[in-house]
Amino acid sequence: MNSPQAPMTEVRVDVWLWAARFFKTRSLAKQAIDGGKIHVNDAGCKPARMLHAGDRLKITRGEEKLEVDVLALGDKRGPAAVAQTWYRETEASVALREAAREQRRLVGMNGPLKRPDKHARQDLRRMKDGR
């Protein structure tokens, strides 16, 4: 018989990060936690730490830094639309990400228009080596 399940009160951090679609696999979530890229309530954590609704996560993925409040828990990976209801990104985090995106856009405009050819690569090597 199918009986309604009681709402979850806690779930492992690595499982939640995977189910909430912050990482593609659970092992990538575990690696990020072990690498110090995830903080729960401004403290480092281990993959098996239990996460509760109301906790605040700081997530670093490459150059992207997120700060989210956990609204709901889940241990099953489902549609992205459902996963996005499990957390809310803080306003400060959104503002910082937008500023960083704008900065990357402005810096990117000054980059090279094409890849360096053979002679340009030789010139770059000479400049780096100090010849």
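Keep in mind it's a predicted model, so treat the numbers as computed, not measured. (Residues numbered from 1 in each chain as written. Predicted model: local features only at pLDDT ≥ 70, side-chain atom pairs only at ≥ 80, totals over all residues. Heavy atoms only, no water.)

Colleague: Is there a simple way to explain the overall build of the chain in this structure?
Modeller: Of regular secondary structure, the chain possesses five helices and seven strands. Taking 14 Å as the expected radius of gyration for a compact globule of 131 residues, we find that the chain reaches 21 Å, considerably beyond that expectation. Once the C-alpha set of the chain is aligned to its principal axes, its extents read approximately 75 × 30 × 30 Å. Counting every position in the chain, which comprises 131 residues, the buried fraction comes to 24%. With the model as given, the accessible surface of the chain reaches about 9,600 Å², and the carbon-plus-sulfur share is 54%. Charged side chains in the chain number 27 positive and 17 negative. The centres of these two groups are separated by 8 Å. (Helix = DSSP H or I, 4+ residues; strand = E, 2+ residues; numbered from the N terminus. Rg over C-alpha atoms; globule rule 2.2 N^0.38 Å. Buried < 20%, exposed > 50% of the residue type's maximum accessible area, 1.4 Å probe, protein only. Areas by Shrake-Rupley, 256 points an atom, 1.4 Å probe, with all protein chains shown as cover. Lys, Arg positive; Asp, Glu negative; His and termini not counted. Charge placed at Lys NZ, Arg CZ, Asp CG, Glu CD.)

Colleague: What am I meant to see in the environment of L113 here?
Modeller: Looking at where L113 falls in the secondary structure, it is placed in the loop between α4 (91–109) and α5 (118–129). Residue L113 is classed as exposed on the basis of its relative accessible area of 87%. Sequence separation of L113 and K58 is 55 residues, and the distance between their C-alpha atoms is 35 Å.

Colleague: Mind showing me how you'd approach helix α2 (residues 26–34) here?
Modeller: Within an α-helix, residues lying three or four positions from one another point in the same direction, as the helix has 3.6 residues per turn. Along α2, the positions that sit buried rather than exposed are A29, A32 and I33. End-on, the buried residues of α2 take up no more than an arc of 100°, which puts them together on one face. Residues of α2 that are buried make contact with α1 (13–19) and β2 (38–40). (Arc of directions from axis to C-beta. Contact = heavy atoms within 4.5 Å.)

Colleague: Sorry if this is basic, but what is going on with a positive patch on the surface here?
Modeller: Judged by side-chain charge, R115, K118, R121, R125 and K128 come together as a positively charged surface patch. Mapping K128 onto the fold places it in helix α5. (Patch = residues over 30% accessible without salt bridge, like charges linked within 9 Å, V, L, I, M, F, W, Y side chains within 5 Å. Salt bridge = Lys/Arg side-chain N within 4 Å of Asp/Glu carboxyl O.)

Colleague: Honestly, the sheet that holds β2 in this entry has me stumped. Any pointers?
Modeller: Through backbone hydrogen bonds, the strands of a sheet pair up, either in parallel or in antiparallel fashion. If you trace the five strands from one edge of the open sheet to the other, you get β3-β2-β5-β6-β7, paired in antiparallel fashion. Because the sheet does not close on itself, it has two edges, and the strands there are β3 (43–44) and β7 (87–89). Note: strand β5 (residues 56–61) against strand β6 (residues 64–70), six bridges, orientation antiparallel. In the strand pairing of β6, L57 is matched with V68. (Pairing = 2+ DSSP bridges.)

Colleague: How should I be thinking about the pattern of salt bridges in this particular structure?
Modeller: For side chains bearing opposite charge, pairing can occur when the charged atoms are close. Overall, the coordinates contain 13 salt bridges when judged by the stated rule. The shortest N-O distance in the salt bridge between R26 and D14 comes to 3.3 Å. Taken together, the residues R26 in helix α2 and D14 in helix α1 connect sequence positions 12 residues apart. In this structure, R105 engages E102 in a salt bridge whose closest nitrogen and oxygen atoms are separated by 2.5 Å. With R105 and E102 both in helix α4 and three residues apart, the pair spans about one turn of that helix. For E102, a relative accessible area of 35% gives the class partly exposed. Bridged by salt links that share partners, the residues R61, E64, E89 and R97 form one connected network.

Honestly, it's all geometry; don't read function into it.
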